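This is what each chain is made of:
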Amino acid sequence: MSLDANRPDLLIGVVGTGAMGRGIVQVAAAGGINVLMMDSRPGAAQEACAFVERMLGRAAEKGSMTRDELAAAMGRIKVVGGPADLKPCHVVIEAIVEELEAKRRMFAELEEIVAPDCILVSNTSSLSVTTIAARLKRPQRFAGFHFFNPVPLMKLVEVISGLLTEDWVCDAMMVIGRRMTREPVRLTDAPGFLVNQVGRGFTLEASHLVYEGIAGFADVDRVMREVGGFRMGPFELMDLTGLDVTQPASELIYSQFFQEPRYRPNLIMRARYEAGVLGRKTKKGFYEYDPDMKPLVPQEAPPPAAYPGHVWVSPAEPQGQQALTELLRTIGAAIETGPKPSANALILVTPFGDDATTCAVEQELDPKRTVAVDTLFPMVRRRTMMCTPLTDHVYRNAAHGLLASDGVAVTVCRDSPGFIAQRIVAMIVNIGCSIAQSRTAQPADIDKAVTLGLNYPSGPFRFGDLLGPARVHKVLTVMARLYGDPRYRPNIWLTRRARLGVSLLTPDP
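About the cut-offs
Residues numbered from 1 in each chain as written. Predicted model: local features only at pLDDT ≥ 70, side-chain atom pairs only at ≥ 80, totals over all residues. Heavy atoms only, no water. Pairing = 2+ DSSP bridges. Helix = DSSP H or I, 4+ residues; strand = E, 2+ residues; numbered from the N terminus. Axes fitted to C-alpha atoms, helices over the stretch in contact; angles between N-to-C directions. Contact = heavy atoms within 4.5 Å.

Peer 1: Just to check I follow, could you spell out the sheet that holds strand β8 (residues 183-188) for this structure?
Peer 2: Backbone-to-backbone hydrogen bonds join strands into a sheet, with any given pair of strands oriented parallel or antiparallel. Taken in spatial order, the 8 strands line up as β3-β2-β1-β4-β5-β6-β7-β8 in an open sheet, and their pairing is mixed. With one partner strand each, in any of the chains shown, β3 (77-79) and β8 form the two edges of the open sheet. For this sheet, the mean angle separating the axes of adjacent strands, direction not counted, is 25°. Relative to β3, strand β2 (residues 34-38) runs parallel, the two sharing 3 bridges. Each bridged residue has a counterpart across the sheet, and for Val35 the counterpart in β3 is Ile77. Lying over the sheet, helix α2 (residues 44-61) contacts β2 and β3, oriented at roughly 160° with respect to β3. In the packing of helix α16 (residues 443-454) onto the sheet, the strands contacted are β7 (156-161) and β8, and the crossing angle to β8 comes to about 125°.

Peer 1: I would appreciate a short explanation of the sheet that holds strand β12 (residues 370-373) in the present structure.
Peer 2: Pairing is mixed in the open sheet, where 6 strands are placed in the order β10-β9-β11-β12-β13-β14. Of all strands in the sheet, those with a lone pairing partner are β10 (335-336) and β14 (409-413), marking the two edges. When β12 meets strand β13 (residues 382-387), the two strands line up antiparallel, connected through 3 bridges. Each residue of the ladder has a partner; that of Val371, found in β13, is Cys387. Running at roughly 130° to β13, helix α8 (residues 217-226) makes contact with β13 and β14 of the sheet. Of the strands in this sheet, β9 (311-313), β11 (346-349), β12, β13 and β14 touch helix α14 (residues 393-403), which is tilted by about 170° from β13.

Written out as structure tokens, the structure reads:
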């Protein structure tokens, strides 16, 4: 079988006209596709159609489309009374409640109505495409077609093939996605698909960090925004989306992957979820909110006025030593250049993965004077430092004052392998590589999905290449060794490319 997805008379049915369904109707009609829309609740489809007209009207007011284009788009939409009216459709998109049996019942009914070559797709965000299709008579023509909310603003759509889906189905849905002016990415069925799976690296690792006492919520958010370049920190993001969405999704992905350690949920998230402390929707989450819904973020204390007499930078990590030395020269620090620090010098180390304690012990440095600085990321908007448990407060304050002396903010975290940004970004890269290794999707599609669906500054492969695959691999290897936790185990896709010194985007032959 096949479908000419470019045919001018293409007719799509949309079942379910809530936030997702009406968004799908809007982008389909605006993209020149005829749409039949229906909902089981009386009047819901009519309400959704009126909503779509208002949204398109606003677009016309802003000049994004003409009044003629608005009229043409609305002329492509028709509200119908029930599934029987979807018989002439070439494709039917389901966007009803996220409940397995409800979806199975709907598709069983549709299968008896539509033509044998009609494609059936689900907008499911968390259920297995293969599982939904398992009871169908023709699972070969079934796929996932996962949009993101709000649909008109989020350009990404994931096209997911189930175990029995035939290639022509996803070929057609990729074309239809583009006709809807979306950016489609193609993948095979996997828990969390692409976006929700990679997103665990950001939120879960941040929660593990705080649970371990390494840093507070605001500290992590500031570092990930101003050091990692993310639009929002992980705790800001979870407050926005709501833990009633994030926590169940995290537990579901962990369960569906048979308790794979890298997806292990965290007690910080679970406790807040059970207490109903969900984020903005409850006016209290990881942050509390004022009446205008502005987060009440703790103010940072001013940096100490202290300044070291002399500073020595360890050569153990040559790239880190070079980056930090260049910064210190611009600040005007008195830098020692000898093979060992003098008796009273502040000792700075620049580890990739190691904690400050490991650096002091393995490099035979005085732990009372040793401070670690994260140089894996640009030190332009914010800098991150950490001390050993024995670092004297005089040297801690001197390091903080020195690094902040040019007006750039400094976050001081407790001793941890990988600091804050190294840990979180390494987990994002590792999960992306595991998806590629399983052949769920191609690296370029994974990067596209992450940048469009999560608004990350880079996808996992681009991130890994920017930072250096070997350095990211070292961060993970060190954390796996120091923590003894398999969740930090580097994926073999990353390991091979790090050893070969090639891009993470290098495909297997």
